[in-house]
Amino acid sequence: MAGIVGSLMQTLVVPLVGELPRLLDADAADTSWVITVTLLVGAVATPVVGKLGDL
């Protein structure tokens, strides 16, 4: 379940890539960090949530 939710949350950011500079009122280079941070959080959260689920 956590894997499905994680993959869905990561794909929700992709359609916003073109709109992020306008929404965040920032440069395109700065808003690219939003996608990078989203992927990093997903990569870290998936094993942590899996471990918590095993407990």
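Definitions and cut-offs
- Residues numbered from 1 in each chain as written.
- Predicted model: local features only at pLDDT ≥ 70, side-chain atom pairs only at ≥ 80, totals over all residues.
- Heavy atoms only, no water.
- Helix = DSSP H or I, 4+ residues; strand = E, 2+ residues; numbered from the N terminus.
- Rg over C-alpha atoms; globule rule 2.2 N^0.38 Å.
- Contact = heavy atoms within 4.5 Å.
- Expected span 1.5 Å × (residues − 1).
- Bend = angle between axes of the 7 residues up to and from the residue.
- pLDDT = per-residue confidence, 0-100.
- Salt bridge = Lys/Arg side-chain N within 4 Å of Asp/Glu carboxyl O.
- Buried < 20%, exposed > 50% of the residue type's maximum accessible area, 1.4 Å probe, protein only.
- Patch = residues over 30% accessible without salt bridge, like charges linked within 9 Å, V, L, I, M, F, W, Y side chains within 5 Å.
- Areas by Shrake-Rupley, 256 points an atom, 1.4 Å probe, with all protein chains shown as cover.

Engineer: Would you mind going over the overall build of the protein chain with me for this structure?
Structural biologist: Counting its secondary structure elements, the protein chain contains 3 helices and 0 strands. Helices and strands appear in the protein chain in the N-to-C order α-α-α. Computed over C-alpha atoms, the radius of gyration of the protein chain comes to 14 Å, more than 25% over the 10 Å expected from 2.2 N^0.38 for 55 residues, which places it beyond the range of a compact globule. Oriented by its inertia axes, the alpha-carbon framework of the protein chain measures out at about 45 × 15 × 10 Å.

Engineer: I'm lost on the environment of Ala29 in this one. Help?
Structural biologist: Among the secondary structure elements, Ala29 is positioned in helix 3 (residues 28–54). Sequence separation between Ala29 and Pro47 is 18 residues, and the spatial gap between their C-alpha atoms is 29 Å.

Engineer: Where do I start with the side chain of Thr31 in this structure?
Structural biologist: For Thr31, the location among the structural elements is in helix 3. In this structure, Thr31 is in contact with Leu20, Pro21, Leu24 and Ala26, ignoring residues within four places of it in sequence.

Engineer: What is the right way to look at helix 3 in this model?
Structural biologist: The α-helix advances 3.6 residues per turn, and as a result positions three or four apart in sequence lie on the same side. End to end, helix 3 covers 40 Å across 27 residues, agreeing with the expected 39 Å (1.5 Å per residue, within 8%). Residue Ala45 marks the point of greatest curvature in helix 3, where the axis turns by about 25°; the proline Pro47 follows within four residues.

Engineer: Looking at this structure, I do not really get the confidence of the model for the protein chain. What am I missing?
Structural biologist: A low pLDDT means the predicted coordinates there should not be read in detail. On average, the protein chain scores 82 in pLDDT, and the residues at 70 or more come to 100%. The secondary-structure element of the protein chain with the lowest mean pLDDT is helix 1 (residues 2–11), recorded at 75, while helix 2 (residues 20–24) shows the highest, at 87.

Engineer: Explain the pattern of salt bridges here, please?
Structural biologist: A pair can form between side chains of opposite charge whenever their charged atoms are brought close. The tally for this structure, following the rule as stated, stands at 1 salt bridge. With a closest N to O distance of 2.7 Å, Arg22 and Glu19 form a salt bridge. The class for Arg22 is exposed, based on a relative accessible area of 60%.

Engineer: I tried to follow the environment of Val44 on my own but got confused; where do I start?
Structural biologist: The topology assignment puts Val44 in helix 3. Taking the C-alpha atoms as reference points, Val44 and Gln10, 34 residues apart in sequence, are found 13 Å from one another.

Engineer: What exactly am I supposed to notice about a nonpolar patch on the surface here?
Structural biologist: Together, Met1, Val5, Met9 and Leu12 line one region of the surface with nonpolar side chains, adding up to about 460 Å² of accessible area. Take Leu12: it is sitting in the loop between helix 1 and helix 2.

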